[in-house]
Amino acid sequence: MKYRKMGSLDWEVSALGFGCMRLPTKKENGNDIIDEEEAIKMIRYAIDNGVNYFDTAFPYHNETSELVVGKALQEGYREKIKLVTKLPMWIVTERDDFDKYLNKQLEKLQTDHIDIYLFHGLNNQTFQLVKKYELIEKMEEAKTAGKIRHIGFSFHDSYDVYNEIIDYYDWDATQIQWNFVDHNTQATTKGLEYAASKGIAVIVMEPIKGGKLANPTKEIEEIIENAPVKRTAANWALQYVWNHPGVSVVLSGMSTFDQVKENIESAEQSGINLLSQEELKIISDMTTRYRKKSIVPCTYCEYCQPCPSSVSIPLNFRLLNELLWVDSTEQMREKYKYFASKEEDLNAKNNYGAASLCTECGECLDKCPQMIDIPSELKKVHLVLGEDNELSGVYKLFLRGPVFVDKEEFQIIGIEDVGKRENRNTAAIWAKFQQEITAVSSRDASHGLGIRIGTEELQKKGEERYIVSNEVSSTEIVPEGMITETIHAQKYAVFTHIGSLINISETYEYIYGDWLVNNTRYERVPWVAEFEWYDARFSLVSEDSELDLYIPIQAK
Ligand code: SF4
Ligand code: SF4
């Protein structure tokens, strides 16, 4: 096993960490339960072969993962590893809940201390609870009492929120979702590097994107077969993550003995900056292909479950996503028929509820770390799989999303043009901006923003403000001819336009003429800025180009 630095902590961690959220299961009275005997064998085999980092959490496997991990760590195994679990933030309703859950977890895990205790799945909302209930102080008290050794958080939200949380406390560890398809979402590579630069140990989850990257499409299989280095698809994904110097440990949620063995072998080949330029190019080609094949960005984490109407949300999304991967609509429609479309059929169908059972109650929305508009997507799943509509008729294959993002207030410096959109020479404004913005050292050059701001007065004349800009950390120096503006904190529906800019009007047509018109929960916030977000994925000449469109929304 290869070992790596664990941030500023004085121990070395195995490159591979064992994620205990996808332990092997078996059926008992129609329910999926952990196959304890197999899970214990797998955990002990991993420890015997050098894995020294184990990650579990309160809700995994219907709150039974911690119990099984606790059993597996008897007979001297506990002392050989670092054990990590998490405070379930979404059910914390008062300060005392901290002790209630931690004590329960220690009991289930049959241990007197947790090596790293994480706030589970921090986002903008749950971070407010950390402050409101002074939970950092509770963490420190637990540390003084010897119940926990180190303090950290796992995370699912945007880069802005991540940055704010990182700067809020002197964390020991942070757990983020990062893989070769998702490196520009959530904490992002920039966030990973920022945390690592502060000496915080970075734990990567979902390196294989919920197993998705281990099951290549035909196109990706071809790339892998033609590669000069022979690796499985899963191994390519893992090596990409291990290659980054800022990563301490990579978690894999393993469900079979073979996966444990294969991942241990992969970890033994791992290292920092080991991948050649040619190998990185191969991975970049795979990234492009995968992006084009994902319809719904679900990682099948099941945080949205259970649904009060018994919709098996991740299973429905999996069928839809697999449709493009296996290239067989009929096969997926047959599988969809197995799901219960009426409540009374649920028992007979193993409690697998079809997308059509969704009542759009919205209860699942805040639980999804990928910020997916679950009820809207489920409607589309049913149209394609349950009502035999053409995929291309339901899904606009030139766009993805939306996902929901709560963006903090930010400042920009840029060039403004006020007038009619059709009269604007957008390319010339961008060219001028790119020349002049280099004088602003406080800018964030990782992305550019094309911001549109309307006012009632301008609308009467058919005009708008358009500002080509960069986010900045200071507005002390604003070059002549440029302006600065503050964009206030706001919730956005983010759509990704794929391909040439020539078709962008179709994407806007879908957003304004379909999604917003038919949305029962959200409406556009009047007169608030919307913007185009251009980053490294954008290219004027590539059909794989991606551009994000941020539309400000509020609950109806
Ligand atoms: S919105 Fe639909 S899928 Fe989500 S919890 Fe409600 S019924 Fe279930
Ligand atoms: S919809 Fe969201 S919460 Fe539910 S399984 Fe998919 S990613 Fe997880």
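Residues numbered from 1 in each chain as written. Chains lettered and ligands numbered in written order. Predicted model: local features only at pLDDT ≥ 70, side-chain atom pairs only at ≥ 80, totals over all residues.

With respect to the overall build of the protein chain
Scanning the protein chain for helices and strands turns up 19 helices and 21 strands. At 24 Å, the protein chain has a C-alpha radius of gyration in line with the 24 Å of a compact globule built from 556 residues. Seen through its principal axes, the protein chain has C-alpha atoms that stretch 75 × 55 × 55 Å. In the protein chain, buried positions account for 42% of the 556 residues. A separation threshold of at least 6 residues defines the contact pool for the protein chain, and within that pool the share at least 24 residues apart is 76%. (Helix = DSSP H or I, 4+ residues; strand = E, 2+ residues; numbered from the N terminus. Rg over C-alpha atoms; globule rule 2.2 N^0.38 Å. Buried ≥ 20, exposed ≤ 12 C-beta atoms within 10 Å, placed from the backbone. Contact = placed C-beta atoms within 7 Å.)

Points about the site of ligand 1
Taken together, 15 residues lie near ligand 1, and Cys307, Ser309, Cys358, Cys361 and Cys364 sit nearest. Here the shell around ligand 1 takes 3 residues from helix α15 (residues 374-386), the largest share from any one element. Classifying every residue of the shell around ligand 1 by side-chain character gives 10 nonpolar, 3 polar and 2 charged. (Near = placed C-beta within 6 Å. Nonpolar A, V, L, I, M, F, W, Y, C, P; charged D, E, K, R; others polar.)

Considering unusual backbone geometry
Glycine aside, residues mostly have negative phi, and peptide bonds are mostly found in the trans state. At the junction of Gln305 and Pro306, the peptide bond is cis and its omega measures out at 0 degrees in the coordinates. Residue position: Pro306 is located in the loop between α12 (277-293) and α13 (313-326). Although it is not a glycine, Glu206 sits at a positive phi angle of roughly 50 degrees. Structurally, Glu206 can be placed in the loop between β11 (201-205) and α9 (218-226). Phi is positive for Met371, which is not a glycine, with a value near 60 degrees. Within the secondary structure, Met371 is located in the loop between α14 (329-337) and α15.

Concerning the nonpolar core
With 86 residues, the main nonpolar core has Val202, Val204 and Val250 as its most contacted residues. When neighbours within four sequence positions are excluded, Val204 is seen to be in contact with Ile176, Trp178, Val241, Val247, Val250 and Leu251. In terms of nonpolar packing, the next biggest core, distinct from the first, is built from 59 residues, Ala354, Val384, Phe433 and Ile511 among them. (Core = buried A, V, L, I, M, F, W, Y, C linked by C-beta atoms within 7 Å.)

What about helix α5 (residues 124-132)?
Structurally, the α-helix is built with 3.6 residues per turn, so residues lying three or four positions apart point the same way. Three or more residues of α5 are buried, namely Thr126, Phe127 and Val130. Buried residues of α5, seen end-on, are gathered within an arc of 110 degrees and therefore sit on one face of the element. Turned more than 90 degrees away from the buried face of α5, the exposed residues are Gln128, Lys131 and Lys132. In the core, the buried residues of α5 are packed alongside β8 (114-122), α6 (135-144) and α7 (159-168). Positive phi appears at Glu134, one or two residues downstream of α5, with a value of about 50 degrees. (Arc of directions from axis to C-beta.)

Here we look at the site of ligand 2
Not every one of the 15 residues close to ligand 2 is listed here, only the nearest: Cys298, Cys301, Cys304, Pro314 and Cys368. Broken down by element, the residue count for the shell around ligand 2 peaks at 3 residues, all from α13. Each residue belonging to the shell around ligand 2 can be placed in one class, and the counts come to 11 nonpolar, 2 polar and 2 charged.

Let's talk about the pairing of strand β18 (residues 490-498)
Bridge analysis of strand β13 (residues 399-407) against β18 gives 7 bridges, and the strand direction is antiparallel. Across the sheet, residue Leu399 finds its bridge partner in β18, namely His497. Two elements, β18 and strand β21 (residues 546-555), share 7 bridges in a ladder whose sense is antiparallel. From the neighbouring strand, His497 faces β21, where its bridge partner is Leu547. (Pairing = 2+ DSSP bridges.)

Some words on the sheet that holds strand β7 (residues 82-87)
In space, the 8 strands of this closed barrel follow the order β3-β6-β7-β8-β9-β10-β11-β12, with parallel pairing throughout. Within this sheet the neighbouring strands show an average axis-to-axis angle of 30 degrees, counted without direction. Contacting β8 and β9 (148-155), α6 runs over the sheet at an angle of about 150 degrees to β9. (Axes fitted to C-alpha atoms, helices over the stretch in contact; angles between N-to-C directions.)

Observations concerning the domain arrangement of the protein chain
Annotation of the protein chain at the domain level lists domain 1 (3-292), domain 2 (313-393) and domain 3 (407-555). For domain 1 and domain 2, the distance between their C-alpha centroids amounts to 28 Å. Facing 6 residues of domain 1, the contacting portion of domain 2 comprises 5 residues. Across the side of domain 1 that touches domain 2, the residue classes break down as 1 nonpolar, 5 polar and no charged. (Domains from an automatic or database assignment.)

Some words on α7
Buried within α7 we find Tyr159, Val161, Tyr162 and Ile165. Burial along α7 is one-sided: seen end-on, the buried residues are contained in an arc of 155 degrees. Of the surrounding secondary structure, the elements contacted by the buried residues of α7 are β8, α5, β9, α8 (188-197) and β13.

As for the packing of helix α1 (residues 36-48) against helix α11 (residues 257-268)
Contact geometry for α1 and α11: axes closest at 10 Å, N-to-C directions at 15 degrees. Accordingly, the angle class assigned to the pair α1 and α11 is roughly parallel. α1 and α11 meet at a crossing whose hand is right-handed. Of α11, the residues touching α1 (which contributes Met42, Tyr45 and Ala46) are Phe257, Val260 and Ile264. Of the residues in the contact of α1 with α11, the class split is 6 nonpolar, no polar and no charged. (Parallel < 35°, antiparallel > 145°, perpendicular 65-115°, else oblique. Left-handed = near helix turned anticlockwise from the far one by under 90°.)

Side note on the pairing of strand β14 (residues 410-419)
Sheet analysis places β14 next to strand β17 (residues 483-487), joined by 5 bridges and oriented antiparallel. Its bridge partner being in β17, Phe410 is matched across the sheet by Ile487. By the bridge criterion, 9 bridges tie β14 to strand β16 (residues 464-472) in an arrangement that is antiparallel. By the bridge assignment for β16, Asp417 is matched with Tyr466.

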